Amino acid sequence: MKEYLNGENVSICIFFIGVYGLCARRNILKTIISMSLMQAAAILYFLSSSFESGSIPPIGQNLDQFKHVADPIPQALMITAVVIGVSVTAVCLTMFVSMFHKYGTTNWNKVKKKRGEID
Amino acid sequence: MRRKYIGLFIFFVGIVVVYQSNAIPALNVKPIADYLIKNTYSKTGSENVVTAVYLFYRYYDTLFEALMLLFSIIAVIYMSVHEGDKYDE
Amino acid sequence: MNDHSQLLNRTMGIIYPFVILFGIYIVLNGHISPGGGFQGGAVLSSVFIAKYLSQPIMFLDLYRIQTIEKYALLSLLILATLFITLNVYQLFVHSLVYYMVLANIIIGLKVACGMTIIFYRFAFYESR
């Protein structure tokens, strides 16, 4: 049981929790939370996909004398993905606040109904 | 009731994905990582391999990420202007 | 956040220079230690969040900060094009180290400006 409790399986579970929040809930804030949860799961999957136990961080001058060195490429990709996730969440929340001031509800279906009345 | 069906469906899909993910054999040969670990300090003079990757080997990633941060800030500024604000430009 | 906490004010007044020093240390040592532009920029932007927590007043010109960020992106594009695409780094011996330090400084400035703008927009324009 303990060998199945690694980062990849945990990240897949977190990702499907986010998918459930996207599909089953109709609250806009919960949709945004689910999106950032799925993004965190993708980051965790990338970071733990090339994990080896006992590896050292890729910092130093003579790295090829060590046997296990952590893979630097997913870390360098995920540094940019973190900032992109922050900016996407910020834009989503700004649009949500504008929408809430216009329609006065946090439900997708009520927003759709009110938009149908106005237009 | 609808939530229960959706949750059950996504639970089984997640079980299948976890099973398939564990069925994939692990990668033992990582040629790009080996090349980077071996040659980064002698080629670029940077001890931190991650910095060398995102500033030298894959610098388009960093450039367009900076562009996307600027776009998101423009979006935040121009979507958060409401009528009757005292801080309006 | 209308009541001013005396304890928070005094603590933030002591902590400011250390947070700024720590952020500059992370940005400048990005090529030899864990860190870099993104992380150091996030630490530098936390200074303004602490400033808001102690004194919730608008003292920044956000338009000027956005202009700084635009010019930081332009200079980052020019720097990367000059050093890597046009192969200037092959002319000098250790020029890539200087390129990395400069690019880390610019990225740190850009990320700090961006996070500050996002936080102050949310704190002052969306909180009604």
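Being a predicted model, the structure only gives us computed values, none of them experimental. (Residues numbered from 1 in each chain as written. Chains lettered and ligands numbered in written order. Predicted model: local features only at pLDDT ≥ 70, side-chain atom pairs only at ≥ 80, totals over all residues.)

Helix and strand content of chain B: 4 helices and 0 strands. Counting from the amino terminus, chain B carries its helices and strands in the arrangement α-α-α-α. The C-alpha atoms of chain B give 24 Å as radius of gyration, which overshoots the globular expectation for 89 residues (12 Å, by more than 25%). Along the first, second and third principal axes, the C-alpha atoms of chain B reach 60 × 50 × 15 Å. For chain B, buried positions account for 27% of its 89 residues. (Helix = DSSP H or I, 4+ residues; strand = E, 2+ residues; numbered from the N terminus. Rg over C-alpha atoms; globule rule 2.2 N^0.38 Å. Buried ≥ 20, exposed ≤ 12 C-beta atoms within 10 Å, placed from the backbone.)

Further remarks concern helix H4 (residues 59–79) of chain B. With 21 residues, H4 of chain B ought to run about 30 Å at 1.5 Å a step, and its terminal C-alpha atoms sit 30 Å apart, in line with that. By the burial criterion, the buried members of H4 of chain B are Tyr59, Thr62, Glu65, Ala66, Leu69, Ser72, Ile73 and Val76 of chain B. All buried residues of H4 of chain B project into a common sector of 140 degrees when viewed along the axis, lining one side. With respect to the buried face of H4 of chain B, the exposed residues turned more than 90 degrees away are Tyr60, Phe64, Phe71 and Tyr78 of chain B. Buried residues along H4 of chain B sit against helix H3 (72–103) of chain A, helix H3 (49–57) of chain B together with helix H3 (62–85) and helix H4 (95–124) of chain C. (Expected span 1.5 Å × (residues − 1). Arc of directions from axis to C-beta. Contact = placed C-beta atoms within 7 Å.)

Moving on, we come to the UniProt feature "domain: Na+/H+ antiporter MnhB subunit-related protein" (unreviewed entry) in chain C. In this structure's numbering, the residues bearing the UniProt feature "domain: Na+/H+ antiporter MnhB subunit-related protein" (unreviewed entry) are residues 8–116 of chain C. The span residues 8–116 of chain C is 78% helical and 0% strand by assignment, and the distance between its end C-alpha atoms comes to 20 Å. (UniProt positions renumbered as here; feature names shortened; annotations may be inferred.)

Moving on: the interface of chain C and chain B. With 29 residues of chain C at the contact, the number on the chain B side is 21 residues. Of all the secondary-structure elements, those providing two or more residues to the side of chain C that touches chain B are H3 and H4 of chain C. The leading source of residues in the side of chain C that touches chain B is H4 of chain C, at 11 residues. Its residues assigned to classes, the side of chain C that touches chain B shows 17 nonpolar, 7 polar and 5 charged. (Nonpolar A, V, L, I, M, F, W, Y, C, P; charged D, E, K, R; others polar.)

Attention shifts here to the nonpolar core. One finds Val53 and Leu55 of chain B together with Leu76, Ala103 and Ile107 of chain C to be the most contacted residues of the largest nonpolar core, which totals 44 residues. The set of elements that each furnish at least two residues to this core consists of H3 of chain A, helix H2 (31–44), H3 and H4 of chain B together with helix H1 (6–28), helix H2 (37–54), H3 and H4 of chain C. The element contributing the most residues to this core is H4 of chain C, with 13 residues. Among the nonpolar cores identified, the runner-up in size contains 6 residues, and Phe15, Met38, Ala41 and Tyr45 of chain A belong to it. (Core = buried A, V, L, I, M, F, W, Y, C linked by C-beta atoms within 7 Å.)

Let us look at the environment of methionine 115 of chain C. All names here are of chain C. As for its placement among the helices and strands, methionine 115 is situated in helix H4. The exposure class of methionine 115 is buried, given the 24 C-beta atoms found within 10 Å. C-alpha of methionine 115 to C-alpha of serine 46: the two residues are 69 residues apart in sequence and 8.5 Å apart in space. Here methionine 115 is in contact with Gly41, Ala42 and Ser45, once residues within four sequence places are set aside.

Taking the numbering used here, the UniProt-annotated feature "transmembrane region" (unreviewed entry) corresponds to residues 63–81 of chain B. A distance of 28 Å separates the end C-alpha atoms of residues 63–81 of chain B, which is 89% helix and 0% strand.

Now for the UniProt feature "transmembrane region" (unreviewed entry) in chain C. Residues annotated in UniProt with the feature "transmembrane region" (unreviewed entry) correspond here to residues 12–32, 38–59, 71–92 and 98–120 of chain C. Overall, residues 98–120 of chain C shows 100% helix and 0% strand. The separation of its end C-alpha atoms is 33 Å.

In an α-helix, one turn spans 3.6 residues; hence positions three or four apart end up facing the same way. Between the first and last C-alpha of H3 of chain A there are 47 Å, a value that for 32 residues agrees with the 46 Å anticipated at 1.5 Å per step. Along H3 of chain A, the residues that are buried comprise Pro72, Ile73, Pro74, Ala76, Ile79, Val83, Ser87, Ala90 and Thr94 of chain A. Looking at the buried residues of H3 of chain A, the elements they touch are helix H2 (28–49) of chain A, H2, H3 and H4 of chain B together with H2 and H4 of chain C. Positive backbone phi, approximately 75 degrees, marks glycine 104 of chain A, located one or two places after H3 of chain A.

For the rest of this paragraph, the subject is the confidence of the model for chain B. Per-residue confidence for chain B averages 86 on the pLDDT scale, and 92% of its residues sit at or above 70. Within chain B, helix H1 (residues 2–23) of chain B carries the highest mean pLDDT (92), whereas H2 of chain B carries the lowest (87). (pLDDT = per-residue confidence, 0-100.)

For the rest of this paragraph, the subject is the interface of chain A and chain B. Facing 35 residues of chain A, the contacting portion of chain B comprises 34 residues. Broken down by secondary-structure element, the contributors of at least two residues to the side of chain A that touches chain B are helix H1 (7–24) and H3 of chain A. It is H3 of chain A that provides the largest number of residues to the side of chain A that touches chain B, a total of 17 residues. Of the residues belonging to the side of chain A that touches chain B, the class tally is 22 nonpolar, 10 polar and 3 charged.

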